[in-house]
Structure formats: C-alpha cells, structure tokens
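Coordinate inspection notes
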Amino acid sequence: RRDADSFYVEDCQQAQANTHAIQTLTGRISRLMGSLQADADYHDCRQLVDEAVRQAADTQAILKRIQEHQRVAQNASERSNRRMMYHKLSDNLAITARVLEDAVRRFTAEEQKRFGTSSGSSSSGVACGDAAGGEEQLREGSTSPGASGGDAGEEQL
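Quick caveat: nothing in here was measured; it's all calculated off a predicted structure.

Procedures and definitions
- Residues numbered from 1 in each chain as written.
- Predicted model: local features only at pLDDT ≥ 70, side-chain atom pairs only at ≥ 80, totals over all residues.
- Heavy atoms only, no water.
- Helix = DSSP H or I, 4+ residues; strand = E, 2+ residues; numbered from the N terminus.
- Expected span 1.5 Å × (residues − 1).
- Buried < 20%, exposed > 50% of the residue type's maximum accessible area, 1.4 Å probe, protein only.
- Contact = heavy atoms within 4.5 Å.
- Axes fitted to C-alpha atoms, helices over the stretch in contact; angles between N-to-C directions.
- Parallel < 35°, antiparallel > 145°, perpendicular 65-115°, else oblique.
- Left-handed = near helix turned anticlockwise from the far one by under 90°.
- Nonpolar A, V, L, I, M, F, W, Y, C, P; charged D, E, K, R; others polar.
- Polar contact = N/O pair within 3.5 Å; in protein donor to acceptor, adjacent residues only side chain to side chain.
- Core = buried A, V, L, I, M, F, W, Y, C linked by side-chain atoms within 4.5 Å.
- Salt bridge = Lys/Arg side-chain N within 4 Å of Asp/Glu carboxyl O.

Taking 1.5 Å per residue as the helical rise, helix α1 (residues 4–33) with its 30 residues ought to reach 44 Å, and the 43 Å between its terminal C-alpha atoms agrees with that figure. Those residues of α1 that fall on the buried side of the exposure criterion are Y8, D11, C12, A15, N18, T19, I22, L25, T26, I29, L32 and M33. Buried-residue contacts for α1 involve α2 (39–71) and α3 (76–115).

Set out below in structure tokens:
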C-alpha cells in the first residue's frame, strides 16, 4: 500500500516530465513549420499541436492534485516545501504554455493560408496559459492577457 507522500512525489515527477514533453513537442512543431510543404506535413504538425495541448491539459490537472497534496501536508515546513514546488512547476508550465501558444498561433496562420479556412481538423485550445492560476483557458489565436508566471530566464527543473 502506497502512502500520500509517494503519490505527491509521483505527481511532481509526472508534471516535470510532461512539461519537458510539451517543450520537446513545441520544438518539433517549430522545426516542422520551417518545412511545411505537402498536406501530410500540415497533418503531422496538427497532430503534434493536438498532442502538446492534450499534455498541457493533463499537466494542469496534475498541478491541481499537487496543490491538494500541499493542503494535506503533515506540518508547516512540509506545506511550505510543497507550496514552493507547486509554484516552481506551475511557473515552468506557464512559461512553456506561452511558447506553445505562440507556435500554435503561427501554425494556425500557416494552415489558414494554405487551406483558406479556419482549422477544421481540430479546435483544441491551449488550456494552460496561466497554469498557476488554473482558471484560464486560452484558445488558438487569442492573446495572452499577461498571465502571472515566472521569469523566462528562470532555471527549469
């Protein structure tokens, strides 16, 4: 039988791994954007966008669990440590989400130029523009309202 601490550690590790995966997918989207030629390239890029958005939404749900782990910590010191970890992971996700949003906007513009319509293959939005707040759901093409987050130069976990 596992204790609550092991679930907390697992959630922290998963949030970190997911954020890294989103960063990797965002890099792949940006690279693919430089060589969009055939319809298949657009399809591949759309799949990467959809996967990155799904990962971002999953990570936001994990962050909500981490926040709950903070509330049930055994003592003030542990609560403080968990609060700092939550903020670090949230800030990292928020920074990553802003970069992803920019890549999605650029891709959507290219997709619309090519096909002359709005993105019909998917209407997914980037669901974690402000992961720390947990309430915002930014859609493709929207502008970020200055989401509270960390400094872009902040060290990643």
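Where α1 meets α2, the axes come as close as 8 Å, and the angle between the chain directions of the two elements is 155°. Relative to α2, the element α1 is oriented roughly antiparallel. Between α1 and α2 the crossing geometry is left-handed. Taken together, the residues of the contact of α1 with α2 break down into 19 nonpolar, six polar and seven charged.

Along the chain, R82 turns up in helix α3. Note on R82: relative accessible area 3%, which makes it buried. A polar contact of 2.8 Å, which involves the side chain of R82, links it to the side chain of E78. The contacts of R82, once residues within four sequence positions are left out, are D5, Y8, H69, Q70 and A73.

Attention shifts here to α3. Here α3 spans 56 Å end to end across 40 residues, near enough to the 58 Å set by a 1.5 Å rise per residue. With a side-chain oxygen positioned 3.1 Å from the backbone nitrogen of S77, the residue opening α3 is N75. Looking at the residues trailing α3, positive phi occurs at G116, about 70°.

This paragraph deals with the nonpolar core. Formed by 26 residues in total, the largest nonpolar core has its most connected members in I29, L36, C45, L63, I66 and F107. Those elements that provide at least two residues to this core are α1, α2 and α3. Per-element tally for this core: the top contributor is α2, with 10 residues. Beyond its immediate chain neighbours, meaning those up to four positions away, I66 contacts Y8, D11, C12, A15, Y86 and L89.

With that out of the way, let us pick up the pattern of salt bridges. Between side chains of opposite charge, a pair can form when the charged atoms approach closely. All chains considered together, the criterion is met by 11 salt bridges. Among the ionic pairs, E51 bridges to R54, the shortest N-O distance being 2.7 Å. With E51 and R54 both in helix α2 and three residues apart, this pair spans about one turn of that helix. Residue classification places E51 among the partly exposed positions, given a relative accessible area of 28%. Among the ionic pairs, K113 bridges to E110, the shortest N-O distance being 3.1 Å. Of this pair, K113 and E110 both sit in helix α3, three residues apart, which is roughly one turn of the helix. According to the relative accessible area criterion, E110 is partly exposed, its value standing at 26%. Within this structure, D5, E78 and R82 form a network of salt bridges that share partners.

By themselves, these figures tell us nothing about what the structure is for.
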